[in-house]
Protein chains: 2
Amino acid sequence: MIIRKEEQKITVNEQMRGGEGSVQLRQLLAPEQFCGHGRLFNQLELAPGCSIGSHYHNGESETFYILQGTARFDDNGQECILHAGDVAHTPSGHFHSIANAGQEPLVLVAMIVNS
Amino acid sequence: MIIRKEEQKITVNEQMRGGEGSVQLRQLLAPEQFCGHGRLFNQLELAPGCSIGSHYHNGESETFYILQGTARFDDNGQECILHAGDVAHTPSGHFHSIANAGQEPLVLVAMIVNS
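Residues numbered from 1 in each chain as written. Chains lettered and ligands numbered in written order. Predicted model: local features only at pLDDT ≥ 70, side-chain atom pairs only at ≥ 80, totals over all residues. Heavy atoms only, no water.

Draft legend 1. Main features of the pattern of salt bridges. Per the stated rule, a full pass over the model turns up four salt bridges over all chains. One salt bridge connects B:Asp86 with A:Arg4, and the closest N-O pair in it is separated by 2.8 Å. With B:Asp86 in the loop between strand 8 (78-82) and strand 9 (87-90) and A:Arg4 in the loop between strand 1 (2-3) and strand 2 (10-14), this pair bridges two chains. For B:Asp86, a relative accessible area of 3% gives the class buried. Between B:Glu60 and B:Arg39 there is a salt bridge, and its shortest N-O distance comes to 2.9 Å. Residue B:Glu60 is located in strand 6 (residues 60-68), and its partner B:Arg39 is located in strand 4 (residues 38-46); the two are separated by 21 residues in the primary sequence. (Salt bridge = Lys/Arg side-chain N within 4 Å of Asp/Glu carboxyl O. Helix = DSSP H or I, 4+ residues; strand = E, 2+ residues; numbered from the N terminus. Buried < 20%, exposed > 50% of the residue type's maximum accessible area, 1.4 Å probe, protein only.)

Set out below in C-alpha cells:
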C-alpha cells in the first residue's frame, strides 16, 4: 500500500503538551496499520522556538529520530542537545520534552509502539 | 535514552534478499526496545543500482518512509516509483522489493512491527 506524501494527513497542534508555539504532524501510518501494537508513526516539524511540553508515556514507548535541526531534549529529567541522526528513546514509565533550540526547522520522525 | 548517530550499529548487507549490490543499514533502535512487538527500526541507504530482492512478511508488517532519492517499488506485484516523503506499507501476508532507480543515494527509514 502506497501513501503518497501529498495524501498524508497533516495536523497542526498548538501548545502541544503545554509547549510553546505549534507543531506540524504529518501522519505516515494510521494507528490501525500497527498490527495492534502501536499508534503513531509521524514526521514532526517544529519552527525555531517551538516545543512539545513534558509528558509521560505509560504502557508504550516513543522514539524520536532527528532528521534535521537542533533539539533540546529532556530525557526523563536529564537535558541534552540532539542533532540530525541522533535517536531519543523514551520507554514506558519515563517522561520527555523536546524543543527546537536552533535557527532552522527541527524535523523528526516519531514512533509510538505499545505492549 | 539517547543513541547518538556515531554510536549506532552499521551493517552492510550484500545481495540483500537476492537483490543487487549492497545495502547499508544503520540501526536506530534495538529489537528489545519495541515493547515485544517489533524488531527493526533502521535507516537504509542504497547506492544507485542497488536493491533489496522480493520477499514476504508474515506475522509482521514493514513500512518504508523515503527520505531521499527515487525508488522502484514492487508492492505485492504492482510496480511503482516512490519519491521523498512517500510511504510504502507492506502488511502481513504481502511481499515487496525495492531498488534505487535514480542517480543519487536512496535513503529510507524502515520499521517492522509484529503482532
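Draft legend 2. Representation of the side chain of B:Ser51 within the structure. Residue and element names in this part refer to chain B. Residue position: Ser 51 is located in strand 5 (residues 51-57). Separated by 2.9 Å, the side chain of Ser 51 and the backbone nitrogen of Glu 20 make a polar contact. Not counting residues within four places of it along the chain, the set of residues in contact with Ser 51 comprises Met 16, Gly 19, Glu 20, Val 23, Leu 46, Ile 98 and Ala 99. (Polar contact = N/O pair within 3.5 Å; in protein donor to acceptor, adjacent residues only side chain to side chain. Contact = heavy atoms within 4.5 Å.)

Draft legend 3. Inspection of the relation of the copies chain A and chain B at higher detail. Overlaying chain A with chain B gives an RMSD of 0.0 Å, the required rotation being 180° about an axis along which the chain moves by 0.0 Å. Between the two chains, the operation in question is that of a two-fold axis. Among all C-alpha atoms of chain A, that of A:His37 lies closest to the rotation axis, at 3.2 Å. A share of 100% of interface residues in chain A that are also interface residues in chain B marks the association as one of identical surfaces. (Least-squares fit on C-alpha atoms with pLDDT ≥ 70 in both.)

Draft legend 4. Main features of the sheet that holds strand 5 of chain B. All names here are of chain B. With respect to topology, four strands assemble into an open sheet ordered 5-10-7-8, the strand pairing being antiparallel. Each edge of the sheet is formed by a strand with only one pairing partner; in this case those strands are strand 5 and strand 8. Neighbouring strand axes in the sheet, compared pairwise and without regard to direction, differ in orientation by 15° on average. (Pairing = 2+ DSSP bridges. Axes fitted to C-alpha atoms, helices over the stretch in contact; angles between N-to-C directions.)

Draft legend 5. Looking closely at the confidence of the model for chain A. Per-residue confidence for chain A gives a mean pLDDT of 95; residues scoring 70 or more make up 100%. Confidence metrics for the complex model read pTM 0.96 and ipTM 0.95. (pLDDT = per-residue confidence, 0-100.)

Draft legend 6. Representation of the packing of aromatic side chains. Residue and element names in this part refer to chain B. The tally for this structure, following the rule as stated, stands at four aromatic pairs over all chains. Ring geometry for Phe 64 and Phe 73: centres 6.0 Å apart, planes at 80°, overall edge-to-face. A single burial state applies to Phe 64 and to Phe 73, both of which are buried. (Phe/Tyr/Trp six-rings, centres within 6.5 Å; stacked < 30°, edge-to-face > 60°.)

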